[in-house]
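Here are the chains, one letter per residue:
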Protein chains: 2
Amino acid sequence: MINVGIYGYGNLGKGVECAVNGSPDMKLYGVFTRRNPESISTLTGTNVYRADDIISHKGCMDVLIICGGSATDLPQMTPELARNFNVVDSYDNHSHIPEYFERVNSSALLGGTVAVISGGWDPGLFSLARVYGSSVLPDGEHYTFWGKGVSQGHSDAIRRIPGVIDARQYTIPVPQAMERVRNGENPVLTTREKHTRECFVVVEDGADRSAIEEAIKTMPAYFADYDTTVNFVSAEELKRDHSGLPHGGTVIRSGVTGINGENKETFEFSLNLDSNPEFTGSVLTALARAAVRMRKKGEKGCFTILDIPPYMLSPENPEELRKHLL
Amino acid sequence: MINVGIYGYGNLGKGVECAVNGSPDMKLYGVFTRRNPESISTLTGTNVYRADDIISHKGCMDVLIICGGSATDLPQMTPELARNFNVVDSYDNHSHIPEYFERVNSSALLGGTVAVISGGWDPGLFSLARVYGSSVLPDGEHYTFWGKGVSQGHSDAIRRIPGVIDARQYTIPVPQAMERVRNGENPVLTTREKHTRECFVVVEDGADRSAIEEAIKTMPAYFADYDTTVNFVSAEELKRDHSGLPHGGTVIRSGVTGINGENKETFEFSLNLDSNPEFTGSVLTALARAAVRMRKKGEKGCFTILDIPPYMLSPENPEELRKHLL
């Protein structure tokens, strides 16, 4: 049995807890939190420990899944924890991955551990689709569409506008753009042509709705480059209709084969998720299995899902996989 | 540059030739054929050699892609050639893969070579989807739908019926079945509920069409368990409308997450291919790149796509992949 610790207990930590609980070859060691452990009751009843005391648990776990945010938590936590534990995280700041990889790699090499970073679905499973897709169809283009799904960052951005009480923002891919890609047109698509944004906003009594709508639609980086619709709803409606965290998306690689590129080939991977954090937690859990196996084979340092043989993520052994799933 | 040989020069061999020709890091060494080499002119003008003389080319190629049939060619060719060359093949007889793997493994270990078997899209990319899907969603079911596409085996079976001159058979997934799977119903589907078969048949003048239609629809193993439609067409129509070899299909993993399995998650991978042999050849070519890299790292023996780190299939190096595709 693989003994798993969870570091951080928000939505993602709970998703990991469910996934480990549902894995036949794993057991939960406990949850580490920066909050008061006595204030937390876990879904499975697993132990709760102080994050500050984690070093005293060295040797008790096979792998630690770090469930923090990419902005400030992970850049500090993962390099530090990789000195003493095999770790897995979901670092998703795409443009900073190369330097982050190097920092974690140095720590893991010093610690003699395996660190798997940037797990989840994007980066993660979508990265796999992009790499396999471009490897088998080098003469082509890849496209990533996100949604329909809740963007937490965009929802937060709306909440910061004066007069807004709560908000939920959905990122929605443009069906016509996806169809053009599927048809092998290899279109050049602007930001506006790929996705639209839909907002459900609860405002204070007497708030200036048209000013709030304008503030959302013109917000740089978040909304200005998109066609955005704003719906004002009551707090009850928001809770009733928009309390889940669904997400998903599609990676399409469209390419040509043949001596003159005369044949079109389309490679498509998509996810449709009721719960973004639970699914992300499930991917991290499969990667935790792989991290332990890699360490047992003598590996150390930093890795991503692109470096790991697929069989290592599965609870089944290679013989069973060849028999049932190949 | 990776130096690639092609063993067997039918549709698949030509597909590999196109793919190697389009790979920036590869060059073609030549084609090996059991036919008279002088009777063959290749698409790229690469050299044509006698298959019987291949041992005299030992050391001249980094990898040999074996393009033979799974029924009788590959079980004889791959174990033999793996004694002297790194090899890749597309062995697709699913139920015999475990014993085939062992035979090829023994040869490759003796020869100190790397053999990658069962490449292509199913087995191959679809196997990846099944393994990744079941690893991240262990509480779920997977479904494989094939088509719409041409089945050569079923087309051949029709051609063997007396009075039939030529035929093309399309395997078509049932949209309602796919929708039920996508909806997370995890249905138990019979053979008939998953796929239909559509046949285009050219018959001799005066042939008994209703007898031929009956012979097709009741043919055990091939058609009896399916809803089959038979269309009689002229030789000209068959050539004009049905001369391509399109194929494709979809793997869906549908599972649940959450402490009580309350959330549905759907994982879907699909291919839509104008040319089955060219796309299969493209996958084999990416695997040939991986085979050479694995041998350079000191590996030997038999492998499948499930054993190979994804980055090894790509012409880009791991740093570039982390920067651009992760």
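Let me sum up the structure you'll find in this document.

1. So, the overall build of chain A
So, point 1. Across its full length, chain A holds eleven helices and 14 strands.
So, point 2. Computed over the C-alpha atoms, the radius of gyration of chain A is 22 Å, within 12% of the 20 Å expected from 2.2 N^0.38 for a compact globule of 326 residues.
So, point 3. In terms of overall dimensions, chain A has C-alpha extents of about 65 × 60 × 35 Å along its principal axes.
So, point 4. Per-residue burial over chain A gives 60% buried out of 326 residues.

2. Topic: the interface of chain B and chain A
So, point 1. Every contact between the two is made by 63 residues of chain B and, on the other side, 63 residues of chain A.
So, point 2. Summed over both sides, the interface of chain B with chain A buries roughly 5,500 Å², with 63% coming from carbon and sulfur.
So, point 3. When the buried surface of chain B facing chain A is broken down by residue, Arg322, Leu325 and Leu326 of chain B rank first, second and third, together holding 15% of it.
So, point 4. Our count for the chain B to chain A interface comes out at zero salt bridges.
So, point 5. Where chain B touches chain A, the interface holds 27 residue pairs in polar contact (both at pLDDT 80 or more).
So, point 6. Only helix H1 (11–21), helix H3 (97–111), helix H4 (125–136), strand E13 (263–273), helix H10 (276–296) and helix H11 (318–324) of chain B provide two or more residues apiece to the side of chain B that touches chain A.
So, point 7. Within the side of chain B that touches chain A, the residues separate by chemical class into 32 nonpolar, 19 polar and twelve charged.
So, point 8. For strand E13 (residues 263–273) of chain A and E13 of chain B, the ladder comprises nine bridges, and the chain directions are antiparallel.

3. Structural notes on the relation of the copies chain B and chain A
So, point 1. Superposition of chain B onto chain A requires a rotation of 180 degrees combined with a translation of 0.0 Å along the rotation axis, giving an RMSD of 0.0 Å. In symmetry terms, the pair is related by a two-fold rotation axis.
So, point 2. Counting the interface residues of chain B, we find that 100% of their copies in chain A are interface residues as well, pointing to one common contact surface.

4. Here's the deal with the nonpolar core
So, point 1. Leu125 of chain A together with Leu125 of chain B are the most contacted members of the largest nonpolar core, which has 151 residues in total.
So, point 2. If near-sequence neighbours (up to four positions away) are discounted, Leu125 of chain B is found in contact with Val136 and Phe267 of chain A together with Gly120, Phe269, Leu271, Phe279, Val283 and Ile305 of chain B.

5. Brief notes about the sheet that holds strand E10 (residues 195–203) of chain B
All names here are of chain B.
So, point 1. Ordered by their spatial adjacency, four strands build an open sheet running E8-E9-E10-E11, and the pairing between neighbours is mixed. Only two strands of the sheet have a single neighbouring strand rather than two, namely strand E8 (149–150) and strand E11 (227–232).
So, point 2. Across the sheet, helix H8 (residues 209–217) lies against strand E9 (164–173), E10 and E11, angled at about 150 degrees from E11, the strand it touches most.

6. What about the packing of helix H2 (residues 73–81) of chain A against helix H3 (residues 97–111) of chain A?
The description of two helices packed together rests on the angle between their axes and the distance between the axes.
Residue and element names in this part refer to chain A.
So, point 1. Taken N-terminus to C-terminus, the directions of H2 and H3 make an angle of 25 degrees; their axes are 8 Å apart at the nearest point. Taken as axis vectors, H2 and H3 run roughly parallel relative to one another. Every residue of H3 that contacts H2 at Leu74, Pro75, Thr78 and Pro79 is listed here: Tyr100, Arg103, Val104 and Ser107.
So, point 2. Residue composition of the contact of H2 with H3, grouped by class: five nonpolar, two polar and one charged.

7. Concerning the pairing of E13 of chain B
Residue and element names in this part refer to chain B.
So, point 1. Among the eleven residues that make up E13, nine are buried, leaving the element largely enclosed by the rest of the structure.
So, point 2. Alignment of strand E12 (residues 247–257) against E13, held across eleven bridges, turns out to be antiparallel. Bridge assignment links Thr250 to a residue of E13, and that residue is Ser270.

8. What about empty space enclosed by the protein?
So, point 1. Applying the stated criterion across every chain, the model contains one cavity of 30 Å³ or more.
So, point 2. A volume near 160 Å³ is recorded for the largest cavity.
So, point 3. Leu125, Leu128, Ala129, Tyr132, Phe267 and Phe269 of chain A together with Leu125, Leu128, Ala129, Tyr132, Phe267 and Phe269 of chain B are the residues that line the largest cavity.
So, point 4. At the level of secondary structure, the elements contributing two or more residues to the lining of the largest cavity comprise helix H4 (125–136) and E13 of chain A together with H4 and E13 of chain B.
So, point 5. Residue composition of the lining of the largest cavity, by class: twelve nonpolar, no polar and no charged.

9. Observations concerning H1 of chain B
Residues and elements named next belong to chain B.
So, point 1. With eight of eleven residues buried, H1 lies mostly within the body of the structure.
So, point 2. For H1, every residue scored as buried is listed here: Leu12, Gly13, Gly15, Val16, Glu17, Cys18, Ala19 and Val20.
So, point 3. The secondary structure elements touched by the buried residues of H1 are strand E1 (2–7), strand E2 (26–33), strand E4 (63–66) and H10.

10. Description of the pattern of salt bridges
So, point 1. One pass over the full model with this rule turns up 24 salt bridges over all chains.
So, point 2. Here Lys217 of chain A and Glu213 of chain A are joined by a salt bridge, their closest N and O atoms 2.9 Å apart. Placement of both Lys217 of chain A and Glu213 of chain A in helix H8 (residues 209–217) is noted, with a separation of four residues, approximately one turn of the helix.
So, point 3. Judged by its relative accessible area of 32%, Lys217 of chain A falls in the partly exposed class.
So, point 4. Classification of Glu213 of chain A by relative accessible area gives partly exposed; the value is 26%.
So, point 5. The partner of Asp73 of chain B in a salt bridge is Arg34 of chain B, and the shortest N-O contact between them spans 3.4 Å. Taken together, the residues span a long stretch of sequence, with Asp73 of chain B in helix H2 (residues 73–81) and Arg34 of chain B in the loop between E2 and strand E3 (48–50) at a distance of 39 residues.
So, point 6. Taking the relative accessible area as the measure of exposure, Asp73 of chain B reaches 18% and is therefore buried.
So, point 7. One connected set of salt bridges, linked through shared partners, spans Asp156, Arg159 and Asp166 of chain A.

11. Remarks on the packing of aromatic side chains
Residue and element names in this part refer to chain A.
So, point 1. What the rule picks out here adds up to 17 aromatic pairs over all chains.
So, point 2. Taken together, a centroid distance of 5.5 Å and an interplanar angle of 25 degrees make the contact between Tyr29 and Tyr49 stacked. On the criterion of sequence distance, the pair formed by Tyr29 in strand E2 (residues 26–33) and Tyr49 in strand E3 (residues 48–50) is long-range, its members being 20 residues apart. As far as the burial class goes, Tyr29 and Tyr49 line up, both buried.

Rules and cut-offs
Residues numbered from 1 in each chain as written. Chains lettered and ligands numbered in written order. Predicted model: local features only at pLDDT ≥ 70, side-chain atom pairs only at ≥ 80, totals over all residues. Heavy atoms only, no water. Helix = DSSP H or I, 4+ residues; strand = E, 2+ residues; numbered from the N terminus. Rg over C-alpha atoms; globule rule 2.2 N^0.38 Å. Buried < 20%, exposed > 50% of the residue type's maximum accessible area, 1.4 Å probe, protein only. Contact = heavy atoms within 4.5 Å. Buried area = accessible area lost by both parts, 1.4 Å probe. Salt bridge = Lys/Arg side-chain N within 4 Å of Asp/Glu carboxyl O. Polar contact = N/O pair within 3.5 Å; in protein donor to acceptor, adjacent residues only side chain to side chain. Nonpolar A, V, L, I, M, F, W, Y, C, P; charged D, E, K, R; others polar. Pairing = 2+ DSSP bridges. Least-squares fit on C-alpha atoms with pLDDT ≥ 70 in both. Core = buried A, V, L, I, M, F, W, Y, C linked by side-chain atoms within 4.5 Å. Axes fitted to C-alpha atoms, helices over the stretch in contact; angles between N-to-C directions. Parallel < 35°, antiparallel > 145°, perpendicular 65-115°, else oblique. 1 Å grid on protein atoms, 1.4 Å probe; cavity = no way out; pocket = protein on both sides within 12 Å on 5 of 7 lines; lining within 4 Å. Points joined across faces, edges and corners; volume = space filled by probe spheres on them. Phe/Tyr/Trp six-rings, centres within 6.5 Å; stacked < 30°, edge-to-face > 60°.

Function-wise, these values are silent; they only describe arrangement.
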